[in-house]
Structures are given as C-alpha cells and as structure tokens.
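Notes for the structure review
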Amino acid sequence: MNLKFFNGSVSRRLYCVSLFALAGCGPLDPDSPSLSEQDGVSAEVGATQQALSTVTYRSSTTASGKSITSLSIAKPAGTAAGDVLLARIINRNNVAAVATAPAGWTLLRSDQSASQIKAWVFYKVATASEPTSYAFTIDLASYMAGSISAFSGADSVNPIDAHSGQKNGLTASFNTPALSTSSANGLAVWFGSQIWTGSACPASPIVPPSGFTEPFDTCLVSSSTGLIFNAAYKDLGAAGLQPAFNGSSPYAETNIAQVVALRPTNAPFCTVGDTFSTTYTTQGNVQSTAIVEPSGLAASRLTPGVLYVHNEDTTAIVAISTADASTRGTFNVSNVTPADWEDVATGPCPTGQCIYMGDIGRASASLPTPPSTFTVYRIPEPNIGAGQTSGDLTAQAFPFQYPDSPKDAETIMVHPTTGDIYIITKSYAGASKVYKFPKPLPAPGTMSTLVFVADLQLPTSATDENYGAATSGAIHPCANRFLLRTYRKVYEFRAATGAAFDTAFAATPVSLTDTAEGQGEAIEYDSTGTSYYTMSESSYSSTSLILRLKRVARQ
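Reference entry: report on the structure contained in this document. (Residues numbered from 1 in each chain as written. Predicted model: local features only at pLDDT ≥ 70, side-chain atom pairs only at ≥ 80, totals over all residues. Heavy atoms only, no water.)

1. Things to note about the pairing of strand β35 (residues 520-525)
The buried count for β35 comes to 6 of 6 residues, which makes it a mostly enclosed element. Pairing analysis gives 5 bridges linking β35 to strand β36 (residues 531-536), with the strands arranged antiparallel. Within β36, the residue paired with Ile523 across the bridge is Thr534. The hairpin formed by β35 and β36 contains 5 residues between the paired strands, and Gly529 there has a positive phi angle of roughly 80 degrees. (Buried < 20%, exposed > 50% of the residue type's maximum accessible area, 1.4 Å probe, protein only. Helix = DSSP H or I, 4+ residues; strand = E, 2+ residues; numbered from the N terminus. Pairing = 2+ DSSP bridges.)

Below, the structure written as structure tokens:
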C-alpha cells in the first residue's frame, strides 16, 4: 500500500505492503502552500512529523463486485473498541437504489448524479466484538464498490463534527462544498468516486486535495460500468469555516466527492458569548526549583493536561500538570542565551508542534542598553506523553525589528492553525500595538520586519499605572478569540461568528475573572478551551517563594 501525502508540489510516499498496483498520481494542486513552505523550511522525505490531531488513521479495506445486491467488506486491520469506522459504498447506473448497512451502522449522507453514480457514507463506533466483515446490501443489482476506514482517537460518543459532498458532472474536478467545524484539531476524511470505463485500473488515479494523505486509490474494472475510488485524510486545526477540499483526476467524467470531519476526544468547545466563573481555584504550587521568576504559560499541543512555564532570563523550560502543578518534565534550551524571555506560546511548525519563546522585552535589568532588535525562538515540543521528560532542546532563532521604532513587549501569541506569530507591545498608558511576522516566514536567522496589525486601547486607572500594561496573552485553541492580561486585569477579545481571527483585535474587550495576583504575567487557555490558567511572576510567604497555578473555569 502506498501512503501518499499530497501537499503543493511535495508528495511524500511511505512504503509498506502493497495492496494495489498504483502508478503515477497526476498533477498536484499548486495552491495553498504548506506550513513548511510558508516557513521557508524544506519538508524532508521521511522527516518525523508530530500529529496535529489526536484522531489517527488506522487502516482501510476495499471490495467490489459486478451485478450484485450485497457487498462484503472486511474489517480493517487493527480495529479496536472505540475506533470510528467510515464506510463509503458506490454503485453504477442504479441511482434509485437504496443501500442498507449492517446493524450498528448509521447513514451519514448520500450523493448522486442523474443516472450514473451514487455514493453513500455510513459510520459506526467499533465495539469489543466486531465481525470479521460487513455486508452492505442494495435493493437493485448493480456494479458496486466500497471501502471501510478505521480511525482511533475520535470522540466515541459524538464522532461526527461535520460533513459535505456533491456530484460533479463531466469534469476532472472533485469539488466539495466548504464545511464548518465546531471542534478544533479534528480530522478530515475525503472520499473520491468516479465512473470509469477500461480494461484495467487507470495509470493516473484520483488526486486528493492538497495536504491529504491517501491510503488507497483503486478501481472496479469494466468496459462500460466501472468505478475508480480512493480515500484520503488530513489533520484539521482551528474550528470554524474550513476551505473547500477539492481534488482532481485526469478524466473529465462524472464524479462524487465527499468529506467527513471527525471530532477528536476531548475536543475544544468553540462558542462565543461564554461566561466564566466569578471565582478561581488554586490547582497547586509549582514544585520545580528551576522556576524562580515565571513569566509565561503555554499549553502542550502534544500532551493533554500539560503546561510549559519558563523564567525571564534562564534557559529552563518546565512542564507542569494542569491538575496540581506537579512537575512533568524539565528541559534546557542548549543553544540560546536569553536576554529577556517575557512570554511563551505553542503552535504548529514544520515538524508538527513547537514552543515559541519570546525574547521580546526591552526593560529588563539585564539589558543596560535597551535593544533595537528582538528574537522569537522556535523549539520542537518534547513528547512528554511518550516519555521525553528531560534533556536539551534546540531552538531556531527568528530575529525581528519593528517597522516604526523599538518597543517593549511581554506578549507573544501563535495562531493554532496558521502558525502566525503575533507580538503585542506593553504600554503603561494602555496603548498597546499588535504586530505579526511576515508570511512566508523567513528562514531561521533572517531578520524580519514585523507587520502592523492593530492598535489596542486597554482600560487604565488614574491611581494604578500597572492597570493597563499588557503582560501576556493567548489565542483560544479554536482561534476565534484571545486572552490578554495586564498586571491587574484579564480580558477576552472575541471575533464575530465566522469572522477572521484578526477581526478580534477590533472587538470590545470582555473583562474576565482576575486571579488576584500582585504581578500577573502569565495566562493560557486550557487545551480544551474550557478554562484558563494564570500564574504570578512572584509570590512570597514569610519564608519562601510560592508560585501558585490558578484556574478559572468556563460556565
């Protein structure tokens, strides 16, 4: 079986046991550059990629038959209890036919042409005692083909987030209507089906949308009523309106394209107008002695229930538990000497998920001469869940300057889908400015000039100059809002439903629950988006330093 990853002009092939004899894949869509292309970093064949989604492809099986009323498809290899199974059944020239799935399967959708092709999509959640095969029946004898694909890590209670599909008549384009997801970090599963006439499978099979991995592409051979069909999948990032996932083939024949978005386990909730508790809970005290002056928090995108915390001027990064602030891992950034690390974020990068450290301050005591240029360091995230709990981490440096004049800043935010890097400046008058890195992101070591995005005017107090000074921020996992805190206050800026993320900068800030910290300099959403965490830069008892992790839950 050839696993093909389609992304712009890049096609990665991971070779395993071949199930089908596949040839060339036709032209690839040159649009929508990959994140690695945007970042100016080549994606190497065989390079290890961290998963953006917890939903994982397991395996697929296919079957076909001529003039039949029942199609038996084997259970995909490795299927386990809780897996989500997606079945796609196709028939030729009997679009009035009704397909019936085995017990336990649910019809998701069907799409058809006027007379030549019809495709159904069914799903079920696997139990501990699945049969070895599944028989799908049809009430009119037809040429039939179908597939079943198994996925782990999807929400077993409510696995389907969204779906769409359509018939495309006499065209080489496999177009699907855009769909809107309600959960972040899901998985899109795409099915292409096309009429085919020929004595063998075509030399150039279906090409899935850019960025999708294709586990199979096969056919039902017939001189008059054959079919070609495939499946492909792709990690999704932020919730909301997704692009139209369009594929192609070299043949201008009637086809059907369908896409299903699977919702991951513990998916973030993405609704505007939410309220938060008016009180906070103290989750626990940081125990690691490596943290003495915490200045930022960032949620792991690889390991649920983990936050990264750092100091302003040391190379330590400590992973702590969101449950009780206990230490989950301790790391050292080995190739960097920090000047003023003011904040941290996590987000996508060419290798999957990265930690972004903002060396963006201009007012530290360690800086006798305020700098005019600054640096964001990008560090591949350690896989704590897989046992990587200590050691050295290596950073890539992305130096930058402002388009106008040097500024002090304590807030870095990274978009969870696009990887856009935002810097928000600090002003004791509450007059912050928002900038972001240019795209494509220049290669590491190349000086960037930031792009101005927006002005932010935060509320101020005549009796407290720290009231409006921005010290940390975070973008919601669903990318429809962001948090911004000052020493004294916490605000959430919300984009309108369906609007682009950058419109949130023009929104009226919603005041949220402060966590009563004398020097609040760290804030982050929970990875599910259902709460946020804070930590003070300094909190002393009569005898020792106490660093409390606090949580405010969404109601």
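2. Digging into the packing of aromatic side chains
Summed over the entire model, instances satisfying the criterion amount to 24 aromatic pairs. When the centroid spacing of 6.1 Å and the interplanar angle of 50 degrees are considered together, the rings of Phe174 and Trp190 count as tilted. Residue Phe174 is located in strand β9 (residues 160-174), and its partner Trp190 is located in strand β11 (residues 187-198); the two are separated by 16 residues in the primary sequence. A relative accessible area of 0% means that Trp190 is categorised as buried. (Phe/Tyr/Trp six-rings, centres within 6.5 Å; stacked < 30°, edge-to-face > 60°.)

3. Regarding empty space enclosed by the protein
Summed over the entire model, instances satisfying the criterion amount to 2 cavities of 30 Å³ or more. Of the voids in this model, the second largest cavity is the one considered here, and its volume is about 60 Å³. If you go around the second largest cavity, the residues you meet are Leu297, Arg301, Val344, Ala345, Thr346, Ile412, Met413, Val414, Gly473, Ala474, Ile475 and Glu524. Taken together, the elements giving at least two residues each to the lining of the second largest cavity come down to β21 (341-349), β26 (409-414) and β31 (470-475). Here the lining of the second largest cavity is composed, by residue class, of 8 nonpolar, 2 polar and 2 charged. (1 Å grid on protein atoms, 1.4 Å probe; cavity = no way out; pocket = protein on both sides within 12 Å on 5 of 7 lines; lining within 4 Å. Points joined across faces, edges and corners; volume = space filled by probe spheres on them. Nonpolar A, V, L, I, M, F, W, Y, C, P; charged D, E, K, R; others polar.)

4. Topic: unusual backbone geometry
Lys439 connects to Pro440 through a cis peptide bond whose omega is 0 degrees. Although it is not a glycine, Ala325 adopts a positive phi angle of roughly 70 degrees. Here Ala479, not a glycine, exhibits a phi torsion of approximately 60 degrees, which is positive. Examined against the element boundaries, Ala479 turns out to sit in the loop between β31 and β32 (481-486).

5. Quick notes on the sheet that holds β35
Taken together, the 4 strands give an open sheet; going across it, the order is β16-β37-β36-β35, and neighbouring strands pair in antiparallel fashion. Two strands in the sheet have a free side with no partner beyond their single neighbour: β16 (281-285) and β35. Within the sheet, the average angular offset between the axes of one strand and its neighbour, ignoring direction, is 25 degrees. Examined bridge by bridge, β36 and strand β37 (residues 548-553) share 4 bridges and lie antiparallel to one another. Bridge assignment links Ser531 to a residue of β37, and that residue is Ala553. (Axes fitted to C-alpha atoms, helices over the stretch in contact; angles between N-to-C directions.)

6. Side note on the sheet that holds strand β33 (residues 490-494)
Taken together, 4 strands build an open sheet; the order of strands is β31-β32-β33-β34 and the sheet is antiparallel. Strands with a single pairing partner mark the edges of an open sheet, and in this sheet they are β31 and β34 (510-512). On average, adjacent strands in this sheet sit at an angle of 25 degrees to one another, irrespective of strand direction.

7. Here's the deal with the side chain of Thr486
As for its position among the elements, Thr486 is in strand β32. Among the residues examined, Thr486 registers a relative accessible area of 0% and is labelled buried. A distance of 2.8 Å separates the side chain of Thr486 from the backbone oxygen of Tyr467, its partner in a polar contact. For Thr486, the residues in contact, after removing those within four places along its chain, are Leu458, Asn466, Tyr467, Gly468, Ala469, Ala470, Thr471, Tyr491 and Gly520. (Polar contact = N/O pair within 3.5 Å; in protein donor to acceptor, adjacent residues only side chain to side chain. Contact = heavy atoms within 4.5 Å.)

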